[in-house]
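One letter stands for each residue in the lines below.
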2 protein chains.
Amino acid sequence: MPEQLTEKQQRALKFIQLEIRDKGRPPTLREIGGEIGVSSTNGVRYVLDALVRKGFLERSPMLSRGIELTERSMIHAGAPGTRDIPILGRIAAGIPITATENLEGRVTVDRSIAPTDDTFALRVRGESMIEAGIHEGDVIFARPQRTADTGDIVVAMIGDEATVKYYRLMGNRILLEPANSRFKPIVVESGTPGFQILGKVVGLMRKF
Amino acid sequence: MPEQLTEKQQRALKFIQLEIRDKGRPPTLREIGGEIGVSSTNGVRYVLDALVRKGFLERSPMLSRGIELTERSMIHAGAPGTRDIPILGRIAAGIPITATENLEGRVTVDRSIAPTDDTFALRVRGESMIEAGIHEGDVIFARPQRTADTGDIVVAMIGDEATVKYYRLMGNRILLEPANSRFKPIVVESGTPGFQILGKVVGLMRKF
DNA sequence: AAATATACAAAACATTTGTTCATGTGTCAA
DNA sequence: TTGACACATGAACAAATGTTTTGTATATTT
């Protein structure tokens, strides 16, 4: 249950987060007041108290700029040049793929592997792409897109299941080819309900 | 030409960096003094002035905790939970592997892939490990160690060349087995000059 | 040897900054 | 109506924090 924040509380919190990130130091009560339009330090105090109660801040009494962010309100910005990517657990049709409910975890990776902001990650199950060097347990990174070019490796949704395969367009049909001679290609008529391309695979990570 | 810092200046700078990183706010003059063993705020001021002159800090006059790090003194630590790993270019015998001369670049990766601080990375050349899912162009991560267990994938130095292979100990001999039926294993008598194990492969990264 | 710069110490001072107190104003629910 | 919230003002206060001044000791330079 994420506690509800009022307008002013939100603005104060955002301001504090940005100040700490950009200047490396929390703002004073008066600085916050100037930002959110509260002229008395006592008014600001009130807002901060609320944020402390709701678990977004911690304060050290009688200390200048004694404001700290809690774990939940910390900005997980990551170093410049990296990205914090969610590893999706189960993928279900209809539900937005980045829904926090089905999150297996997060990894921070270089931007060279996660080029765009909306890149998502997935743990590979099965051996169907083993000849493309994609093994069970690997984490693959994909950029969301609804279409693909022949030869791309894509993450596709078939009914209720997500799968990673080579994409090949043949006339009116879409071929999802495994990279494993023991598996058969999947053929889908374009426009089949329940079928959807979720993204194109752009990177891979493995732990030995 | 990195300006020389005295003992106290170094300790003060490090303290300021850590405080900003960990607590999100710079220390006061008195806090710094307590840390580096200077009892007067004026003494601390003196040290800080030196750091400002040498380009490691900026200060805002008449502002509590008005210390900022400059670009060069900023900690590019990366988000907590990540590591900045060098990608080695050519590896030559004798030269310390992390020598900055032969650096192809750097990647930031999750600590789950780069468990220790001294993890290094290497770009894979050739197809000799393709059946282990290691392809040409992949970046592998390795933890430095001089020995290995049978079954490990290791980075080994043979004469002037670095190679990635399965490690297998057979009596008095070491077998470096490729994961590709078209390649033959390499046999090395233990103690052969010019042979050395550099590390054990712990992770892999690929860009499609 | 005298002059100068470095590296502090101590204490007094000036600002900044958090706290407290007294006193409202709206809104919403009981 | 009463009370509880969420907010607000303004002023006075106290503690934290940076600044300045005055000295001292050591080393380096002239």
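All values reported here derive from a predicted model rather than from experimental measurement.

Engineer: How would you explain the side chain of Gln9(B) if you had to name every residue and give the values?
Structural biologist: Topologically, Gln9(B) is positioned in helix H1 (residues 7-23). Apart from residues lying up to four places away in sequence, Gln9(B) is in contact with Gln4(B), Val47(B), Ala50(B), Leu51(B) and Lys54(B).

Engineer: Quick one: what's the story with the environment of Asn180(B), residue by residue and with numbers?
Structural biologist: Residues and elements named next belong to chain B. Tracing the backbone shows Asn180 in the loop between strand E9 (173-177) and strand E10 (186-189). Owing to a relative accessible area of 5%, Asn180 belongs among the buried residues under this scheme. Residues Asn180 and Ile130 lie 50 residues apart in sequence; the distance between their C-alpha atoms is 6.1 Å. For Asn180, the residues in contact, after removing those within four places along its chain, are Glu127, Ser128, Ile130 and Glu131. From its side chain, Asn180 meets the backbone oxygen of Glu127 in a polar contact 2.9 Å long.

Engineer: Can you tell me about helix H1 (residues 7-23) of chain A, naming the residues and giving the values?
Structural biologist: Residue and element names in this part refer to chain A. Here H1 spans 24 Å end to end across 17 residues, near enough to the 24 Å set by a 1.5 Å rise per residue. Every buried residue of H1 is accounted for by Gln9, Ala12, Leu13, Phe15, Ile16, Gln17, Glu19 and Ile20. In this structure, the buried side of H1 is in contact with helix H2 (29-36), helix H3 (41-53), strand E1 (57-59) and strand E2 (67-69). Backbone geometry just downstream of H1 places Gly24 in the positive-phi region, at approximately 75 degrees.

Engineer: Requested: an account of the interface of chain B and chain A, with residues and values cited.
Structural biologist: With 36 residues of chain B in contact, the opposing surface of chain A contributes 36 residues. Taken together, the two surfaces of chain B and chain A that pack against each other cover about 2800 Å², and 55% of this comes from carbon and sulfur. If you sort the residues of chain B by the area they bury against chain A, Arg25(B), Arg206(B) and Phe208(B) come out on top, with a joint share of 21%. Linking chain B with chain A are two salt bridges, by the criterion used here. Between Arg25(B) and Glu68(A) there is a salt bridge, with its nearest N and O atoms 3.1 Å apart.

Engineer: So what about the packing of H1(A) against H3(A)? Which residues, and what values?
Structural biologist: Residues and elements named next belong to chain A. Close contact between H1 and H3 brings their axes to 10 Å; oriented N to C, the two are set at 85 degrees. As far as their axial angle goes, H3 and H1 are roughly perpendicular. Across from Lys8, Gln9, Ala12, Leu13 and Ile16 in H1, the residues of H3 making contact are Val47, Leu48, Ala50 and Leu51. Class assignment of the residues belonging to the contact of H1 with H3 gives a composition of seven nonpolar, one polar and one charged.

Engineer: An account of the protein's contact with DNA strand C is needed here, citing residue identities and associated values.
Structural biologist: Not every one of the 22 residues close to DNA strand C is listed here, only the nearest: Leu29(A), Arg65(A), Ser39(B), Asn42(B) and Tyr46(B). Each atom of DNA strand C within 4 Å of the protein belongs either to a base or to sugar and phosphate, the latter forming 68%. Measuring from a phosphate oxygen of DNA strand C, one finds a backbone N or O atom of Leu29(A) at 2.8 Å. Note that a phosphate oxygen of DNA strand C is positioned 3.1 Å from one of the side-chain N or O atoms of Lys8(B).

Engineer: Any details on the relation of the copies chain B and chain A? Residues and values, ideally.
Structural biologist: The two copies are related by a screw operation: chain B maps onto chain A through 178 degrees of rotation and 0.1 Å of translation along the axis, at an RMSD of 1.8 Å. The superposition operator between the copies reduces to a two-fold rotation axis. Looking at the interface residues of chain B, 100% of them are also at the interface in chain A, so both copies use one shared face.

Engineer: Give me the protein's contact with DNA strand D: which residues, what numbers.
Structural biologist: Around DNA strand D there are 25 residues in total, and Lys8(A), Ser39(A), Ser40(A), Leu29(B) and Arg65(B) lie nearest to it. Asn42(A) is positioned with one of its side-chain polar atoms (N or O) 3.0 Å from a base oxygen of DNA strand D. A distance of 2.9 Å separates a base oxygen of DNA strand D from a polar atom in the side chain of Arg30(B). Mapped by element, the contributors of at least two residues to the surface near DNA strand D are H1 and H3 of chain A together with helix H2 (29-36) and helix H3 (41-53) of chain B. Broken down by element, the surface near DNA strand D gets its largest block of residues, four residues, from H3(A). Residues of the surface near DNA strand D, tallied by class, amount to eight nonpolar, eleven polar and six charged.

Definitions and limits used
- Residues numbered from 1 in each chain as written.
- Chains lettered and ligands numbered in written order.
- Predicted model: local features only at pLDDT ≥ 70, side-chain atom pairs only at ≥ 80, totals over all residues.
- Heavy atoms only, no water.
- Helix = DSSP H or I, 4+ residues; strand = E, 2+ residues; numbered from the N terminus.
- Contact = heavy atoms within 4.5 Å.
- Buried < 20%, exposed > 50% of the residue type's maximum accessible area, 1.4 Å probe, protein only.
- Polar contact = N/O pair within 3.5 Å; in protein donor to acceptor, adjacent residues only side chain to side chain.
- Expected span 1.5 Å × (residues − 1).
- Buried area = accessible area lost by both parts, 1.4 Å probe.
- Salt bridge = Lys/Arg side-chain N within 4 Å of Asp/Glu carboxyl O.
- Axes fitted to C-alpha atoms, helices over the stretch in contact; angles between N-to-C directions.
- Parallel < 35°, antiparallel > 145°, perpendicular 65-115°, else oblique.
- Nonpolar A, V, L, I, M, F, W, Y, C, P; charged D, E, K, R; others polar.
- Near = heavy atom within 4 Å.
- Least-squares fit on C-alpha atoms with pLDDT ≥ 70 in both.

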